[in-house]
Amino acid sequence: MTPLTLTADVTGKPARARRTAWVPTLVLILGALYCLVPVAWVVFAATKDRSELFSTFTFAPGTGFLDNLKDLTDYRDGIYWTWMANSAFYAGAGALLSAGVSAAGGYALGRYSFRGREFIFKMILAGVLVPSIVLAVPQYLLLSKIGMADSYWSMLLPSILSPYGVYLVRIYAAASVPAELMEAARMDGASEWRIFSRIAVPMMMPGLITVFLFQFVAIWNNFLLPYVMLADDTKFPITLGLYTLLQQGASQPALYTLVITGCLLAIVPLVALFLVIQRFWSLDLLSGSVKA
């Protein structure tokens, strides 16, 4: 019996191994289609007017996008753009504050030894496992007691501390900030704050950008917290605003085109943010490799 031989391609890899690579590729393609088909539906549906929405082929472009955009802008004197501005404020300020807190907490847990450090870290890990829905009602009761319910602070304060962000920065700080470099800075007379702000933060920047992006997307897409905290619709973020618009659409079907157009516009800032931050990821990683 002759032994089984594997032919090799020009790269030297066995042909059988090369063929089996189609299986994960096919799985990835199916996953991409599963994620992108709803987005494609929103894009095409936003271009259709009320008569075309339910009478034309699903993925056929329509002719009413500009009219839908005008109607959405005119709805209640442009309250949609107030919702967008609120979401930008909640997500931008919340993600920035969360990245700062995560930087300080993760750096302290990753680069300093003190009593209770492991216990604190385990508590943070436990916080990662707690669903946000469990915390929404207790957070509302606490903020209501101090008179902050239905305010901008009721959206910002619960977003500042991200257990996953602290965990991620702790891992990143332990790997990217050498203890020898910190000791050399101390010998040169640098204070702990100067070491953190001038040395550690630039070296942790790719990790902090990751925390910022994750937290921005989480706050932007958050529905439960504003649903519990806010009553004034002028303070609603885009998620809650579109929900109220959809609820009104149950009795006024003409509003469906506004909801779909609003959903499409709500995606644009997230895509733009990812494209911009991806550039900083590349620059930070490249500069880190050059410095190394």
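Residues numbered from 1 in each chain as written. Predicted model: local features only at pLDDT ≥ 70, side-chain atom pairs only at ≥ 80, totals over all residues. Heavy atoms only, no water.

*Asks:* Talk me through the overall build of the chain; I want residue IDs and the actual numbers.
*Replies:* Each helix and strand in the chain was counted, giving 15 helices and 0 strands. Classification of the 292 residues of the chain by burial places 33% in the buried group. Across the chain, every contact between residues at least 6 apart in sequence was considered, and the portion connecting residues at least 24 apart equals 69%. Carbon and sulfur atoms make up 70% of the accessible area of the chain, which totals about 17600 Å². (Helix = DSSP H or I, 4+ residues; strand = E, 2+ residues; numbered from the N terminus. Buried < 20%, exposed > 50% of the residue type's maximum accessible area, 1.4 Å probe, protein only. Contact = heavy atoms within 4.5 Å. Areas by Shrake-Rupley, 256 points an atom, 1.4 Å probe, with all protein chains shown as cover.)

*Asks:* Outline the pattern of salt bridges, supporting the account with residue identities and numerical values.
*Replies:* This model, assessed by the stated rule, comprises 7 salt bridges. With its nearest N and O atoms 3.8 Å apart, the salt bridge here joins Arg50 to Asp71. With Arg50 in helix H3 (residues 50–53) and Asp71 in helix H4 (residues 65–74), this residue pair connects regions lying 21 residues apart in the sequence. The partly exposed category is assigned to Asp71, whose relative accessible area is 29%. A salt bridge links Glu183 to Arg186, with the nearest nitrogen and oxygen atoms 2.9 Å apart. Taken together, the residues span about one helical turn, with Glu183 and Arg186 both in helix H10 (residues 179–187) at a distance of 3 residues. For Arg186, a relative accessible area of 26% puts it in the partly exposed group. Each of Arg117, Glu118 and Arg170 takes part in salt bridges that share partners, so that together they form one network. (Salt bridge = Lys/Arg side-chain N within 4 Å of Asp/Glu carboxyl O.)

*Asks:* Summarise the layout of surface pockets; cite the residues concerned and give the values.
*Replies:* There is about 800 Å³ of room inside the largest pocket. Taken together, 26 residues make up the lining of the largest pocket; nearest its centre are Ser132, Leu135, Pro158, Leu161 and Pro163. For the lining of the largest pocket, the elements supplying multiple residues, two or more each, are helix H6 (117–129), helix H7 (132–145), helix H8 (153–160), helix H9 (163–176), helix H12 (205–221) and helix H13 (224–229). Ranked by residue count, the leading element in the lining of the largest pocket is H7, at 7 residues. (1 Å grid on protein atoms, 1.4 Å probe; cavity = no way out; pocket = protein on both sides within 12 Å on 5 of 7 lines; lining within 4 Å. Points joined across faces, edges and corners; volume = space filled by probe spheres on them.)

*Asks:* Give me a nonpolar patch on the surface: which residues, what numbers.
*Replies:* On the surface, Leu26, Ile29, Leu30, Leu33, Val37, Trp41, Phe57 and Phe59 cluster together into a nonpolar patch covering about 780 Å² of accessible area. Mapped onto the secondary structure, Phe57 falls in the loop between H3 and H4. By relative accessible area, which is 58% here, Phe57 ends up exposed. (Patch = residues over 30% accessible without salt bridge, like charges linked within 9 Å, V, L, I, M, F, W, Y side chains within 5 Å.)

*Asks:* Before we move on, can you summarise the packing of aromatic side chains with the specific residues and values?
*Replies:* Each aromatic ring pair is described using two quantities: the centre-to-centre distance and the angle formed by the ring planes. In this structure the tally under the stated criterion is 17 aromatic pairs. For the ring pair Phe121 and Tyr167, a centre distance of 5.9 Å and an interplane angle of 20° mean the geometry is stacked. Of the two residues, Phe121 is situated in helix H6 and Tyr167 in helix H9; the sequence distance between them amounts to 46 residues. Note on Tyr167: relative accessible area 29%, which makes it partly exposed. Looking at Arg170, its charged tip hangs above the ring of Phe121, at a distance of 4.1 Å from the centre. Between the NZ or CZ atom of Lys235 and the centre of the ring of Tyr152, over which it lies, the distance is 5.9 Å. (Phe/Tyr/Trp six-rings, centres within 6.5 Å; stacked < 30°, edge-to-face > 60°. Lys NZ or Arg CZ within 6 Å of the ring centre and 35° of its normal.)

*Asks:* Would you mind going over the environment of Thr63 in detail, with residue names and values included?
*Replies:* With respect to the element layout, Thr63 can be found in the loop between H3 and H4. For Thr63 and Lys48, which are 15 residues apart along the polypeptide, the C-alpha to C-alpha distance reads 5.7 Å. Setting aside its immediate chain neighbours within four residues, Thr63 contacts Thr47, Asp49 and Glu52. Here the side chain of Thr63 touches Glu52 through a polar contact of 3.0 Å, side chain to side chain. (Polar contact = N/O pair within 3.5 Å; in protein donor to acceptor, adjacent residues only side chain to side chain.)

*Asks:* An account of the environment of Leu208 is needed here, citing residue identities and associated values.
*Replies:* Along the chain, the position of Leu208 falls in helix H12. For Leu208, a relative accessible area of 9% corresponds to the buried category. Taking the C-alpha atoms as reference, Leu208 lies 8.7 Å from Leu168; in sequence the two are 40 residues apart.

*Asks:* Would you mind going over the packing of helix H5 (residues 79–111) against H8 in detail, with residue names and values included?
*Replies:* At a minimum axis separation of 8 Å, H5 and H8 run at an interaxial angle of 30°. With respect to each other, H5 and H8 are oriented roughly parallel. Remark: the crossing between H5 and H8 carries right-handed chirality. Contacts between H5 and H8 involve Phe89, Tyr90, Ala93, Gly94, Leu97, Ser98 and Val101 from the former and Met155, Leu156, Ser159 and Ile160 from the latter. Looking at the contact of H5 with H8, its residues break down into 8 nonpolar, 3 polar and no charged. (Axes fitted to C-alpha atoms, helices over the stretch in contact; angles between N-to-C directions. Parallel < 35°, antiparallel > 145°, perpendicular 65-115°, else oblique. Left-handed = near helix turned anticlockwise from the far one by under 90°. Nonpolar A, V, L, I, M, F, W, Y, C, P; charged D, E, K, R; others polar.)

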